[in-house]
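# Observations on the model geometry
Residues per chain, in single letters:
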Amino acid sequence: LRKNVEDFTGPRERSDLGFVTFDITADILNGKNGLQTFRNRNTLIIFDWNVKQLFLYLSAEYSTKNNALNQVVLWDKIMLRGDNPRLSLKDMKSKYFFFDDGNGLKGNRNITLTLSWNVVPNAGILPLVTGSGHVSVPFPDTYETTKSY
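This report concerns the structure included in the present document. (Residues numbered from 1 in each chain as written. Predicted model: local features only at pLDDT ≥ 70, side-chain atom pairs only at ≥ 80, totals over all residues. Heavy atoms only, no water.)

### Some thoughts on the packing of aromatic side chains
- Taken as a whole, this structure holds five aromatic pairs when the rule is applied.
- Seen in terms of ring centroids, Tyr-62 and Phe-98 are 5.9 Å apart; in terms of plane orientation they differ by 65°. Their pairing is edge-to-face. Of this pair, Tyr-62 sits in strand 6 (residues 51-62) while Phe-98 sits in strand 9 (residues 98-100), and the two are 36 residues apart along the sequence. Judged on exposure class, the residue Tyr-62 and its partner Phe-98 are both buried.
- A centroid spacing of 5.8 Å and a plane angle of 80° characterise the contact between Phe-98 and Phe-139, whose relative ring orientation is edge-to-face. Taken together, the residues Phe-98 in strand 9 and Phe-139 in the segment after strand 12 (135-137) connect sequence positions 41 residues apart. There is no split in this pair, since Phe-98 and Phe-139 are both buried.
- Within the aromatic cluster, the residues linked to one another by ring pairs are Tyr-62, Phe-98 and Phe-139. (Phe/Tyr/Trp six-rings, centres within 6.5 Å; stacked < 30°, edge-to-face > 60°. Helix = DSSP H or I, 4+ residues; strand = E, 2+ residues; numbered from the N terminus. Buried < 20%, exposed > 50% of the residue type's maximum accessible area, 1.4 Å probe, protein only.)

Right, here's the structure in full:
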C-alpha cells in the first residue's frame, strides 16, 4: 500500500509513504533466518559467552532517479540472551514510517527487504551480520486514497 502525502519535515512537496505488511521466520541459532530464506553461516554460535543481546532489524533498499541507493529501517527487535531465537512473526506492520523524499516508491519494481542484526557484546567491538538472502517486492503503480475527516 502506498500513499502520496504531504511531508512537513522537508520541502513543501508531496512524498510517497509506503505501508508494508510482512512475515518473518528466523532461526538465529541454526543459521536459518530471515524473510522467507535468509541464510548466514556465522550464526551457529551467535550467543557465545560475550554476547549480551542481538539487535535485529529489517531494512528496505531501493534506487530512484534522484538517489542511487536509499535505505530505510522498517522494523526492529532486541533479542536478549535466553530469549527464544526462533522467530515466527505473521502479518507484521512497519514500526517506522517508510517515507521517500519524492515519488520513488510509485511503480518501483525492486524494493529489497533484508534482515540484519548487530551483536551487542558484553565487551569489545560491535559486529554487523547481514542475512545472505533477500526478498524483492514490487510497489503498485497507483496511489491508495483514503477518506479524510
